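A structural walkthrough
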Amino acid sequence: MAVAAFATLLRQCKTVFQADILHQQLLAKGVLPNFSTNLIAAYVALSAPLHALSLLRHLLPSPDAVFWWNALIRRAVHLDFHYEVLHLFCTMRRLRWKPDGHTFPFVFKACGEIPSFRHGVSIHGVVCVNGFDSNVFVCNALVAMYGRCGGLDEARKMFDEMIERGVIDVVSWNSIVSSHVQSGDSRSALQLFGRMKGDTTSRPDSVSLVNVLPACSAVGDWLKGKQVHGYALRNGLFEDVFVGNALVDMYAKCGMIDEAGKVFERMQFKDVVSWNSMVTGYSQIGRFEDALGLLEKMRKDGIELNVVTWTAVIAPYAQREHGYEAIDVFRQMQLCKAEPNVVTLVSLLSGCAAIGALIQGKETHCYAIKCILNRDGNDPGNDLMLTNALIDMYAKCKSSIVARAMFDSIAPYHRSVVTWTVMICGYAQHGEANDALELFSQMLKQEKYVKPNAFTISCALIACARLSALRFGRQIHAYVLRNQHSSQMHFVSNCLIDMYSKSGDIDTARVVFDNMQQRNAISWTSLMTGYGMHGRGKEALWVFDEMRRAGLVPDGVTFLVLLYACSHSGMVEQGIEYFNAMENEFGVSPGAEHHACMVDLFGRAGRLDEAMKLIEEMPMEPTPLVWVALLNGCRIHANVELGEYAANRLVALDSENDGSYTLLSNLYAGARRWKDVARIRSLMKHTGIKKRPGCSWVQGKKGTTSFFVGDRTHPQFQQICEILADLIHRIKILGYVPETSFALHDVDDEEKGDLLFEHSEKLALAFGILTSPPGMPIRITKNLRVCGDCHSAFTYISMIIDYEIILRDSSRFHHFKKGSCSCRGYW
């Protein structure tokens with residue numbers, strides 16, 4: 001058969017089998033070397049790279065035949081087989097083939113996509129050895145590769161060398177600008193783009209504009225974005241759909257959605273990305289009706305609503321804690337038969353977590369198991385991201401057992417910092433603070449796999465604050481100082497202020513505040529709250545004044561904290577002054593919670609008539625908090641009639657709870673109306689309301705020890721009783737008289753005294769004295785408000801022991817020292 005005939009037959013092959021038949025015939029006739037390149041071309045065309053590679057291995061290296069190595073490498077790049085690209089390149093060099101200027105750009109692209117900085121640097125050396133370091137195409141690929149591998153300094157150095165050699169074109173500029181944008185250095189990207197416009201040899205093209213516009217949005221420089229917009233119009237680049245989409249995205253991310261809309265309307269051709277950019281823009285600023293309107297318009301115009309479109313609406317709903325709306329949009333997505341991706345489901349789970357929608361979260365979990373999780377070929381990172389979102393959802397929906405089971409199912413070396421953080425935060429924020437700290441301790445032991453970030457540490461500090469775990473909190477503070485979590489330091493510092501404040505060390509909280517390089521509204525409010533909790537109202541007012549001098553505008557939360565501080569410090573006139581100034585001077589309308597604070601302030605001061613007048617003049621219906629505040633004031637000042645009225649209002653609002661019933665019982669007991677006390681107890685029993693048992697815990701060297709009221713289970717109970725008996729005997733000599741009304745039982749005073757003897761805070765104090773060295777503060781936390789008799793006893797006991805007693809109850813702190821308490825009776 002003639003040579004021309006064989007060549008024609010090879011070109012006409014439709015299958016690999018046909019090419020193999022011809023391959024065998026060529027071998028049989030002994031003419032294969034004459035047709036090797038023709039056969040390689042046939043195999044490449046038929047997507048049989050192994051066959052082609054087998055022939056290439058037996059060819060003698062020649063500059064012309066390098067084309068086929070490049071063809072195989074190019075094919076692997078297009079198919080995203082990036083490691084195969086490196087394998088082909090290494091094989092090529094091992095067989096002594098010399099790469100050419102077309103080989104390196106594809107190989108560098110594969111290095112950037114992996115990304116593999118190490119391989120990229122090695123191949124850069126090959127470029128220099130082979131004399132391609134002045135080839136503009138190769139150098140451009142090098143700049144892009146370094147940028148994708150995070151080697152911004154190397155990319156910039158390469159670019160500067162290209163300028164020195166005069167080997168530069170518009171692609172070079174685009175590559176270096178893109179590298180800076182990808183590395184998050186948007187300001188440098190904008191500066192480079194400015195230099196590019198001044199380079200007469202390289203005018204920016206549409207790719208240049210698409211590269212630089214995200215930098216404008218990243219730094220919020222809409223003015224620079226407008227200048228780029230003007231350049232596009234002047235140079236005829238606006239008609240490029242990619243430029244139009246980038247402009248829409250830039251304006252939307254800079255909060256200029258109306259400008260984005262104008263660009264969108266002027267675009268002659270719009271693709272689905274154009275529509276998605278507008279939908280995302282509307283959703284991100286909360287204009288959900290406009291976003292949904294665009295979805296409807298897309299449907300009517302026959303434009304495909306892809307997964308990005310739907311996710312663009314679901315994600316912002318979830319971020320703004322509009323969980324039900326996110327669920328509704330997801331259901332519409334399912335009706336349109338659009339397939340959600342991992343980002344969609346993560347956003348949906350976030351929405352479920354925000355509203356505690358456990359049932360919908362479980363439905364999403366089932367869908368994820370059926371359609372996405374653990375499928376062959378899945379990206380393990382995507383599976384982990386979805387699992388993290390599920391852990392977060394279950395934890396925030398108070399289903400911590402399921403969350404922990406999912407957490408434990410992930411091998412320790414596969415858990416990311418997000419995995420640990422969502423579990424620790426779930427525990428910390430939903431009443432399982434001990435578990436949060438135990439898990440945080442486990443995380444620190446596994447630092448070879450993962451280290452806590454600022455958010456993990458903040459969650460651990462929240463747990464410490466809930467438990468008043470000062471010792472653990474100090475250890476975390478030391479860890480922070482050693483590891484310098486500077487990127488989110490203000491966030492951690494705010495949590496440190498809160499932790500120290502709620503753990504009874506307000507002075508250290510102030511030191512943390514003073515050492516902060518940057519402060520935000522939360523920093524000031526956290527310190528103000530701490531001073532309020534400790535009854536240091538003057539300092540709280542000072543913080544408020546300093547906050548205003550710093551230029552921060554007080555809001556409703558600020559005034560709530562301020563009024564709380566005034567109430568707990570007996571600063572009635574100052575509280576009235578700030579309450580009146582809220583709307584008159586600061587334009588903040590007092591809400592029901594501010595009125596509740598004022599009722600509490602009047603009630604503690606015994607000005608019950610003024611409290612009642614304020615309630616009657618409220619512009620909104622009084623909430624249960626308002627009536628509870630009034631009931632507490634009535635309990636303090638023994639106004640039974642008004643207290644009963646407040647209690648009846650709570651019943652009318654269906655807001656009875658154990659706390660309000662306890663206040664009413666105390667009120668009746670103080671008036672020695674035992675039948676009414678019994679009636680309240682009977683009512684609680686029949687309505688299924690159980691009084692929470694008093695629980696106190698005390699901090700010690702070996703951790704925290706808890707006591708319940710009447711608790712006799714502690715192994716050192718006998719010693720605790722002996723210490724307590726001795727203390728009570730000694731303070732009675734000083735004038736202490738048990739306040740038996742707090743026993744709430746119609747028995748004789750001696751029996752009531754015995755009942756008061758077993759209150760949890762007294763047991764905790766005795767244990768603290770038993771186990772703490774003299775001079776060391778005894779730190780006690782109670783889950784309820786401190787008992788009046790215990791408060792009186794602690795005041796006397798502080799006169800005869802060498803300890804400061806720091807007691808945190810459900811309302812505030814009490815610092816007992818040398819016969820006085822920091823609350824000065826306002827508790």
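Residues numbered from 1 in each chain as written. Predicted model: local features only at pLDDT ≥ 70, side-chain atom pairs only at ≥ 80, totals over all residues. Heavy atoms only, no water.

Tracing the backbone shows S792 in helix α44 (residues 788-797). Setting aside anything within four residues of it in sequence, one finds S792 in contact with Y736 and E739. (Helix = DSSP H or I, 4+ residues; strand = E, 2+ residues; numbered from the N terminus. Contact = heavy atoms within 4.5 Å.)

Aromatic rings in a pair are described by how distant their centres are and how their planes are angled relative to each other. Scanning all chains against the criterion turns up 22 aromatic pairs. Judged by centre distance (3.8 Å) and plane angle (15°), the rings of F288 and Y317 are stacked. Placement of the pair is F288 in helix α18 (residues 288-300) and Y317 in helix α19 (residues 307-319), with a sequence separation of 29 residues. Just as F288 is buried, Y317 falls in that class too. Measuring from ring centre to ring centre gives 5.3 Å for F455 and F491, while their planes differ by 55°; the resulting arrangement is tilted. One end of the pair, F455, is in helix α27 (residues 454-467); the other, F491, is in helix α29 (residues 489-502), with 36 residues separating them in the sequence. Put simply, the rings of F89, F104, F108 and F132 touch in pairs and so form one group of aromatic residues. Seen from the ring of F238, R266 lies directly overhead, with NZ or CZ sitting 5.4 Å from the centre. The ring of F407 carries R415 above its face, with NZ or CZ at 4.2 Å from the centroid. (Phe/Tyr/Trp six-rings, centres within 6.5 Å; stacked < 30°, edge-to-face > 60°. Buried < 20%, exposed > 50% of the residue type's maximum accessible area, 1.4 Å probe, protein only. Lys NZ or Arg CZ within 6 Å of the ring centre and 35° of its normal.)

With that settled, the discussion passes to α19. The end-to-end C-alpha distance of α19 is 18 Å, a good match for the 18 Å that 13 residues give at a rise of 1.5 Å each. Across the 13 residues of α19, 11 count as buried, placing the element largely inside the fold. Every buried residue of α19 is accounted for by V307, T309, W310, T311, A312, V313, I314, A315, P316, Y317 and A318. Its buried side turned inward, α19 meets α17 (272-284), α18, α20 (323-335) and α21 (342-355). Between the side-chain oxygen at the start of α19 and the backbone nitrogen of V308 there is a gap of 3.1 Å, and the oxygen is on N306. Positive backbone phi, approximately 65°, marks E321, located one or two places after α19. (Expected span 1.5 Å × (residues − 1). Polar contact = N/O pair within 3.5 Å; in protein donor to acceptor, adjacent residues only side chain to side chain.)

Below, the discussion takes up the sheet that holds strand β5 (residues 813-817). Taking strand neighbours across the sheet as the criterion, the six strands line up as β2-β1-β3-β4-β5-β6 in an open arrangement whose pairing is mixed. With partners counted over all chains shown, the strands left at the sheet margins are β2 (703-708) and β6 (820-821), one partner each. Sheet topology places strand β1 (residues 695-700) next to β2; six bridges connect them, and they run antiparallel. If you follow G700 over to β2, its bridge partner there is G703. Sheet contacts for α27: β1, β3 (778-782) and β4 (805-808); angle to β1, the most-contacted strand, approximately 115°. (Pairing = 2+ DSSP bridges. Axes fitted to C-alpha atoms, helices over the stretch in contact; angles between N-to-C directions.)

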